[in-house]
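# Structure assessment
Here are the chains, one letter per residue:
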Amino acid sequence: MRPKPVGQNVTPQDAAARPPAYHEQVPAAPAGVSRLTGQGIGSRGSRFPWPFSADHYAYSANVEPAPGLRSTAAGAWGGTLLDVDEDYAPELAERSAILRRDPSRYACLAHMREAGWDALVWGLGELAATHASMRLEREGDTYCWTNARLNVTQVFRYGDDGTLPMPPLMYLASQIQEDVVLLDQREGQLWVDAGCVTFASNWSMAFDAGMSFMEIHGPIPHDYADGAIPRAELFLMRLQPGQAFRRLNWTSTAGYRLDTALDSYDRWGATRTTMARDAGLAAFHMRVEVQHLVRLPESGAIMFLIRTYLLPLADILAVPQWRAQFAAVLRSLPPDLAQYKGLGAIRQPLLRVLAGA
């Protein structure tokens, strides 16, 4: 008897353009900023989750129910909880290479084993429900996962680690473009007790594993004064099983570089200084994280999904509304928040480029 399908399959989004190559060094900058003209915008730009809704920015929880399609000046995003796009295979290949090079990007404390299995079945079921090239079938405790995008078929038994080629949370991360973190709720707090994170932005899964939600957010400016982090934790602890919400976070990156974890700072840290000159701004990428928050149905753990998108400055310049709004946000950022976002040394050069100077 064949296992029964989990979820309803629908037509996936098309995969068209090849992604840019990943670089250990920042791609060579053009001779001058006059070449940053932004002649049109590609499919990544049309699906980019533009993070600003006003001409100013203040750190906040900015949480909304998910999924839900959101329009932008260039297109739309957000129709599914797990986004599969043209970068699917190469991003997963990069994740695999990072984990081989640095296994500490995966961490799972012993008491989170059940939550890892819960996350795996929830995540594969969500993929199967929203992407026709993927299917999850079940017969009792036995599942059959088929992923035509990766040419993968995997049969496993729930709770039996020996039926998977790797731990369940790591296996989920091998099938989704999102980084994944699991939060345990106990003692009136949230604790970051498991995760597979290869594309972190200035933090380390290995370092943060076992820390409380409040501890890992300590370095963020303005948050404690405004109370955003305590409110966010309270909101998360009130999530009900099956509920899903999302928020956006943004920063900047030198070059098309997903892995800006503290663990790999020696590979990318020096590249940020090249953007301090006008001629180096061709390397500037806006980095936006779509962060989904889901209360898992069986274990009660909170799953924190982090999908990273990168947009080059040329694409921002190609959309007049984005260009004007980004300039307004840059002018209004407090100095410490601008520094935290990686914009302290490049704010004025960026404003000159955005103004067309």
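Only a predicted model underlies this, so the values are computations on that prediction, with no experimental measurement involved. (Residues numbered from 1 in each chain as written. Predicted model: local features only at pLDDT ≥ 70, side-chain atom pairs only at ≥ 80, totals over all residues. Heavy atoms only, no water.)

## Let's talk about the overall build of the chain
Check the secondary structure of the chain and you find 13 helices and 14 strands. When each of the 357 residues of the chain is scored for burial, the buried share is 52%. For the chain, the share of sequence-separated contacts (at least 6 apart) that also reach a separation of at least 24 residues comes to 72%. With an accessible surface of roughly 15300 Å², the chain has 54% of that area assigned to carbon and sulfur atoms. (Helix = DSSP H or I, 4+ residues; strand = E, 2+ residues; numbered from the N terminus. Buried < 20%, exposed > 50% of the residue type's maximum accessible area, 1.4 Å probe, protein only. Contact = heavy atoms within 4.5 Å. Areas by Shrake-Rupley, 256 points an atom, 1.4 Å probe, with all protein chains shown as cover.)

## Quick notes on the pattern of salt bridges
The tally for this structure, following the rule as stated, stands at 16 salt bridges. For Arg 95, the salt bridge goes to Asp 179, with nearest N and O atoms at 2.9 Å. Residue Arg 95 is located in helix α2 (residues 88-101), and its partner Asp 179 is located in strand β9 (residues 179-186); the two are separated by 84 residues in the primary sequence. We classify Arg 95 as buried; its relative accessible area is 2%. Across the pair Arg 157 and Asp 160 runs a salt bridge, and its minimum N-O distance is 2.3 Å. (Salt bridge = Lys/Arg side-chain N within 4 Å of Asp/Glu carboxyl O.)

## A short note on the packing of aromatic side chains
Tallied over the entire structure, the rule returns 14 aromatic pairs. Considering the side-chain rings of Trp 117 and Phe 156, the 6.0 Å spacing of their centres and the 40° angle between planes classify their relative orientation as tilted. Of the two residues, Trp 117 sits in helix α3 (residues 113-130) while Phe 156 sits in strand β8 (residues 152-157), which places them 39 residues apart along the sequence. With a relative accessible area of 1%, Trp 117 lands in the buried category. Take Phe 156: its relative accessible area is 1%, and that puts it in the buried class. Through pairs of rings, three or more aromatic residues link up here, namely Phe 48, Trp 50, Phe 52, Tyr 57, Trp 250, Phe 284, Trp 322 and Phe 326. When the ring centre of Trp 250 is taken as origin, the NZ or CZ atom of Lys 341, which lies over that ring, is 4.9 Å away. (Phe/Tyr/Trp six-rings, centres within 6.5 Å; stacked < 30°, edge-to-face > 60°. Lys NZ or Arg CZ within 6 Å of the ring centre and 35° of its normal.)

## A word on the nonpolar core
The biggest cluster of nonpolar side chains holds 40 residues, and the ones touching the most others in it are Trp 145, Phe 156, Leu 182 and Met 303. When residues of this core are traced back to their parent elements, those giving at least two are α2, α3, β6 (134-139), β7 (142-147), α4 (168-173), β9, β10 (189-196) and β14 (302-312). Tallying contributions element by element places α3 first for this core, with 9 residues. Every residue in contact with Trp 145, bar those within four places of it in the chain, is listed here: Leu 124, Leu 127, Ala 128, Met 134, Arg 135, Leu 136, Val 152, Thr 153, Gln 154, Phe 156, Tyr 171 and Gln 175. With 32 residues, the next largest nonpolar core counts Val 290, Leu 317, Leu 333 and Leu 350 among its residues. (Core = buried A, V, L, I, M, F, W, Y, C linked by side-chain atoms within 4.5 Å.)

## Brief notes about the pairing of β8
As paired strands, β7 and β8 are joined by 6 bridges and run antiparallel to one another. Paired with Cys 144 across the bridge in β8 is Val 155. What sits between β7 and β8 in their antiparallel hairpin is a turn of 4 residues, with Asn 151 showing a positive phi close to 60°. (Pairing = 2+ DSSP bridges.)

## Considerations on the packing of helix α11 (residues 320-332) against helix α13 (residues 347-354)
Viewed as axis vectors pointing N to C, α11 and α13 meet at an angle of 150°, and their least axial separation amounts to 10 Å. Taken together, the axis directions place α11 and α13 in an arrangement best described as roughly antiparallel. The chirality of how α11 crosses α13 is left-handed. Where α11 approaches α13, its residues Arg 323, Phe 326, Ala 327, Leu 330 and Arg 331 are matched on the opposing element by Arg 347, Leu 350, Leu 351, Val 353 and Leu 354. Residues belonging to the contact of α11 with α13 are distributed by class as follows: 7 nonpolar, no polar and 3 charged. (Axes fitted to C-alpha atoms, helices over the stretch in contact; angles between N-to-C directions. Parallel < 35°, antiparallel > 145°, perpendicular 65-115°, else oblique. Left-handed = near helix turned anticlockwise from the far one by under 90°. Nonpolar A, V, L, I, M, F, W, Y, C, P; charged D, E, K, R; others polar.)

## Some points on α3
Here α3 contains 18 residues, and its C-alpha end-to-end distance of 26 Å stays within 8% of the 26 Å for a straight helix at 1.5 Å per residue. Burial analysis of α3 places 15 of its 18 residues in the buried class, which makes it a mostly covered element. (Expected span 1.5 Å × (residues − 1).)

## What to know about unusual backbone geometry
Across the junction of Ala 66 and Pro 67, the peptide omega takes the value -5°, indicating a cis bond. Along the chain, the position of Pro 67 falls in the loop between β2 (64-65) and β3 (70-71). Positive phi values are uncommon outside glycine, yet Asn 151 reaches one of about 60°. Mapped onto the secondary structure, Asn 151 falls in the loop between β7 and β8. Residue classification places Asn 151 among the exposed positions, given a relative accessible area of 73%.

## Thoughts on the confidence of the model for the chain
With 83% of its residues at a pLDDT of 70 or more, the chain has an overall mean of 86. Contacts for the low-pLDDT stretch residues 1-39, under 50 throughout, to residues beyond four places or in other chains number 87 contacts. (pLDDT = per-residue confidence, 0-100.)

## Some remarks on the side chain of Arg 295
Locating Arg 295 in the fold gives a position in strand β13 (residues 284-295). For the buried Arg 295, no salt bridge exists, and the shortest N-O distance to an oppositely charged side chain is 7.5 Å, to Asp 184. A distance of 2.8 Å separates a polar atom in the side chain of Arg 295 from a polar atom in the side chain of Gln 185. Within the structure, Arg 295 has its side chain in polar contact with the backbone oxygen of Leu 236 (distance 3.4 Å). Sequence-distant contacts of Arg 295, that is, excluding residues within four places in its chain, are made with Gln 185, Leu 236, Met 237, Arg 238, Leu 239, Gln 240, Pro 241, Gly 242, Gln 243, Gly 300, Ala 301 and Ile 302. (Lys, Arg positive; Asp, Glu negative; His and termini not counted. Polar contact = N/O pair within 3.5 Å; in protein donor to acceptor, adjacent residues only side chain to side chain.)

## A few points about the side chain of Glu 86
Position of Glu 86 relative to the elements: it lies in the loop between β4 (76-77) and α2. Within the buried set, Glu 86 has no salt-bridge partner at all; the shortest N-O distance to an opposite charge, 4.2 Å, is to Arg 47. For Glu 86, the side chain forms a polar contact with the side chain of Ser 43, separated by 2.6 Å.

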